[in-house]
Amino acid sequence: MTIKKIIRGTLFFTLGIGMFWYVYRDLDLSVLEETLYELKYEWIFASFFFGLLSHYIRALRWKMLIESLGHKPRSLNLFLSVLVLYFVNLIIPRGGEFARCGTVSRYEKIPFMRLFGTVFVERITDIFAFLVIFLGVIIWKFELVKTLIGSLNFDLSGYHTKIMLVGVGGLVMVLFYFVSRRFGLLDRFHHKIKTVKANIKNGLQSILLIRNVWLYLAHTAVIFIAWLLMLYVIFFAYAPTSNMTFGAAIFAYTVGTLAYFLPIQAGIGVWHFLIIQSLFFFGLEKEAGMMYALIAHTFTNLVYLIFGGVGFLVLPFVNQKEMHLVKTYK
């Protein structure tokens, strides 16, 4: 990892921590302790189940893409590598994809770049699926969205405003040009484009050769449903949210997911803020929303932390026999 990436990761993590502090700066720890004591933990374990289910289905979906390229990876290795993916993402945003590809490449002897191409397709699939959900939620809550946009009252019709926007836009373009020339950003961008093209080529090859596209799409639907249920069942663990509707869970899940588009570990701070605001629209008081967001975020990420760590430890033992055979053959 380069110094630049470390600095960027640190800055975003600091931003997340700052947002988290802002949201919970007035939290009464005695109330938190009492809440944790009164939680119905059977629903927390149900959330764990849906979290692991989503990981397993993700592994099966990934297997379909890899098998379309002529490889036969074991489902267990793929499942454990997916656990590793989410574990690493808690530490290094976006780093999990490299970790899971590296893990499978090592134990299944599949070229890393071919695996990364299939991951690229997976991510495009997930983004497309999320956009469908997001647009559906906007249509469902169109009046609310329209009210929020209308409340901003941006007036861009003025002559002076237009001149200012054009001027600022031109200045930004000029600055970008000179900075890119100074630091060679265009060359780096060109190199990344070539890399992305290679990934797209490998990825498209896998999706075009896949045997059952409908099963692939069904796996995608199950993954998103499991993620949603992972959040929804925690409603029943906490008394103030036990009567919240499934619609509230859909809205909160959709809005909260936006936090993960930022390179912040586990979306900390931003996710909490978005969930609190989302549930407020459905009548949940701010204090209860704060507590629910803290509970949901902590326990859903605990799945990644615990089972991801287990995945790291188990992988060498699961593949011990195969590694021994390779060494013996050599």
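Residues numbered from 1 in each chain as written. Predicted model: local features only at pLDDT ≥ 70, side-chain atom pairs only at ≥ 80, totals over all residues. Heavy atoms only, no water.

1. Some points on the overall build of the protein chain
The secondary structure content of the protein chain amounts to 14 helices and 0 strands. Buried positions account for 41% of the 330 residues belonging to the protein chain. Considering only contacts in the protein chain between residues 6 or more positions apart, those separated by 24 or more positions represent 74%. A total of about 19600 Å² of accessible surface is found on the protein chain, and carbon and sulfur atoms cover 72% of it. (Helix = DSSP H or I, 4+ residues; strand = E, 2+ residues; numbered from the N terminus. Buried < 20%, exposed > 50% of the residue type's maximum accessible area, 1.4 Å probe, protein only. Contact = heavy atoms within 4.5 Å. Areas by Shrake-Rupley, 256 points an atom, 1.4 Å probe, with all protein chains shown as cover.)

2. Remarks on the environment of Val82
Among the structural elements, Val82 can be located in helix H4 (residues 75–89). For the pair Val82 and Ser54, spaced 28 residues apart in sequence, the C-alpha to C-alpha distance is 9.9 Å. Once residues lying within four places of it in the same chain are set aside, the contact partners of Val82 are His55, Arg58, Ala59 and Arg100.

3. What to know about the pattern of salt bridges
The tally for this structure, following the rule as stated, stands at 9 salt bridges. Linking Arg58 and Glu122 is a salt bridge whose minimum nitrogen-to-oxygen distance equals 3.6 Å. Note that Arg58 is positioned in helix H3 (residues 41–67) and Glu122 in helix H6 (residues 112–140), a separation of 64 residues in sequence. Residues Arg58 and Glu122 agree in their burial class; the two are buried. Salt-bridge contacts for Glu122 lead to Arg61; the nearest nitrogen and oxygen are separated by 3.3 Å. Of this pair, Glu122 sits in helix H6 while Arg61 is found in helix H3, placing the two residues 61 residues apart along the sequence. With relative accessibility at 0%, the residue Arg61 sits in the buried group. (Salt bridge = Lys/Arg side-chain N within 4 Å of Asp/Glu carboxyl O.)

4. Side note on the environment of Ala46
On the secondary structure map, Ala46 appears in helix H3. Residue Ala46 is classed as buried on the basis of its relative accessible area, which comes to 19%.

5. Quick notes on the nonpolar core
Grouped together as the largest cluster of nonpolar side chains are 73 residues, with contacts concentrated most on Trp62, Phe235, Leu279, Tyr292 and Ile295. The biggest single contributor to this core is helix H13 (residues 286–318), with 12 residues. What Phe235 contacts, discounting residues up to four positions off in sequence, is Thr241, Ser242, Met244, Thr245, Ala248, Ala249, Leu279 and Tyr292. Listed in part, the 5 residues of the second largest apolar core include Leu65, Val121, Ile210 and Tyr216. (Core = buried A, V, L, I, M, F, W, Y, C linked by side-chain atoms within 4.5 Å.)

6. Regarding a nonpolar patch on the surface
A cluster of nonpolar side chains, namely Ile124, Ile127, Leu131, Leu258 and Phe261, defines an oily patch on the protein surface of about 430 Å² accessible area. Residue Ile127 is classed as partly exposed on the basis of its relative accessible area of 39%. (Patch = residues over 30% accessible without salt bridge, like charges linked within 9 Å, V, L, I, M, F, W, Y side chains within 5 Å.)

7. Quick notes on the packing of aromatic side chains
Following the criterion strictly, the structure yields 22 aromatic pairs and no others. Where Tyr86 meets Tyr304, the ring centres are 4.9 Å apart and the plane angle is 20 degrees; that geometry is what we call stacked. Placement of Tyr86 in helix H4 and of Tyr304 in helix H13 is noted, with a sequence separation of 218 residues between them. Here the two residues Tyr86 and Tyr304 agree in accessibility, since each one is buried. Aromatic pair Trp140 and Phe251: ring centres 6.4 Å apart, planes at 70 degrees, arrangement edge-to-face. You can see Trp140 sitting in helix H6 and its partner Phe251 sitting in helix H11 (residues 246–257), a full 111 residues away along the chain. Taken together, the ring pairs in this structure connect Trp43, Tyr232, Phe235, Phe236, Phe246 and Tyr292 into an aromatic cluster. Across the ring face of Tyr22, the terminal group of Arg25 is positioned such that the distance to the ring centre comes to 4.3 Å. Of note, Arg100 hangs over the ring of Trp62, and the distance from its end group to the ring centre comes to 4.4 Å. (Phe/Tyr/Trp six-rings, centres within 6.5 Å; stacked < 30°, edge-to-face > 60°. Lys NZ or Arg CZ within 6 Å of the ring centre and 35° of its normal.)

8. Section: the side chain of His297
Secondary-structure assignment places His297 in helix H13. Looking at His297, the relative accessible area reads 8%, which means it is buried. Those residues within four positions of His297 in sequence are excluded, and the remaining contacts are Tyr260, Ala266, Gly267, Ile268, Trp271 and His272.

9. Notes on the confidence of the model for the protein chain
Chain-level pLDDT for the protein chain is 79 on average; 74% of the residues reach the 70-or-more range. pLDDT under 50 marks residues 324–330. Its contacts with residues more than four places away, or in other chains, come to 0 contacts. (pLDDT = per-residue confidence, 0-100.)

10. Let's talk about unusual backbone geometry
Phi at Lys109 is positive, roughly 60 degrees, even though this residue is not glycine. Within the element layout of this structure, Lys109 appears in the loop between helix H5 (95–108) and H6. Classification of Lys109 as exposed rests on a relative accessible area of 53%.

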